[in-house]
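The lines below spell out each chain.
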Amino acid sequence: MTAHFVVSGTDTGLGKTVFAAALTNALGGYYWKPVQAGLDEETDSQTVSRLGGVPSERILPEAYKLSTPASPHLSAQIDGTSIDPRRLVPPDVDGPLVIEGAGGLMVPLSENLVFADVFAAWQIPVILCTRTTLGTINHTLLSVEAMRHRAVPILGIAFIGNENLETESIISKLSGIRSLGRLPILTSLTATGLSRAFHDNFDRSAFGEVSP
Ligand SMILES: Nc1ncnc2c1ncn2[C@@H]1O[C@H](COP(=O)(O)OP(=O)(O)OP(=O)(O)O)[C@@H](O)[C@H]1O
Ligand SMILES: [Mg+2]
């Protein structure tokens, strides 16, 4: 199997899709958003296509496209459906695959299933995207505990935001999880600028192996 990665995070709206676009582009890989909740704005797949310059044949179709921007369990209910975990099977592709969850690890897909359970079943290493702003130490450490509790493999932490070395350092020390790098806030978010920022701030070789 070629390299598979899950991009998750401590929260919604923190830059997972932007990071996933940069990673998919850097790896020359495929992108898959299994559950898209909210269809009025640009979808995450469309953002990855635009910001990662990822050709459409390398953006795999979502398993669920739900109309309401809400927690997937609720969004599914509003659409009169429910999420069947048997449909959440990573597609078979001939290159690296970047999979993005919705929101954070403990986001419900149904009344008895959260995203972290699915990641645990997949045993695909998770890249935990976290903010660098106040509050992130607590959210990051809680997220790491939730993954460890379920034996979810963790590749590392991708910080997103302005530099905050003390925060990044205490998170790495207390969690024992390595930092993969930090994506700065880009004043103008373009495909070229994002690609450059990724190359300047992340070591591609970090995405080749899984830490214990
Ligand atoms: N590195 C960055 N520089 C500048 N703007 C960013 C950066 N990362 C994210 N943003 C902006 O922040 C917003 C949220 O980003 P994004 O959609 O990637 O979040 P997300 O974590 O994927 O959210 P969701 O949980 O809804 O999937 C977007 O408007 C995006 O343009
Ligand atoms: Mg997203």
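What counts and what doesn't
Residues numbered from 1 in each chain as written. Chains lettered and ligands numbered in written order. Predicted model: local features only at pLDDT ≥ 70, side-chain atom pairs only at ≥ 80, totals over all residues. Heavy atoms only, no water. Donors = N, O, S within 2.8 Å, 3.2 Å for Na, K, Ca; no water. Helix = DSSP H or I, 4+ residues; strand = E, 2+ residues; numbered from the N terminus. Buried < 20%, exposed > 50% of the residue type's maximum accessible area, 1.4 Å probe, protein only. Pairing = 2+ DSSP bridges. Contact = heavy atoms within 4.5 Å. Salt bridge = Lys/Arg side-chain N within 4 Å of Asp/Glu carboxyl O.

Quick look at the coordination of the magnesium ion (ligand 2)
- On the protein side, the magnesium ion (ligand 2) has Thr17 (OG1), Asp44 (OD) and Glu100 (OE) as donor atoms, found 2.0 to 2.2 Å from it.
- For the magnesium ion (ligand 2), the donor residues sit on a single chain with the sequence spacing T-x26-D-x55-E. One end of the pair, Thr17, is in helix α1 (residues 16-27); the other, Asp44, is in helix α2 (residues 44-52), and 27 residues separate them in sequence.
- On the basis of relative accessibility, which here comes to 11%, the residue Thr17 falls in the buried class.

Side note on the sheet that holds strand β9 (residues 126-131)
- On the basis of which strands lie adjacent, the open sheet formed by 7 strands has the order β4-β2-β6-β1-β9-β10-β11 and parallel pairing. With partners counted over all chains shown, the strands left at the sheet margins are β4 (59-60) and β11 (179-183), one partner each.
- Strand direction decides the pairing type here: strand β1 (residues 4-9) and strand β6 (residues 97-100), joined by 4 bridges, are parallel. The partner of Phe5 across the bridge, within β6, is Val98.

Quick look at the side chain of Thr167
- Structurally, Thr167 can be placed in helix α6 (residues 165-175).
- According to the relative accessible area criterion, Thr167 is buried, its value standing at 12%.
- Ignoring anything within four residues of it in the chain, the contact list for Thr167 reads Thr132, Thr136 and Ile137.

Things to note about the pattern of salt bridges
- The full count for this structure, using the stated rule, is 8 salt bridges.
- Across the pair Arg86 and Asp84 runs a salt bridge whose closest N-O atoms are separated by 3.0 Å.
- For Asp84, a relative accessible area of 23% corresponds to the partly exposed category.

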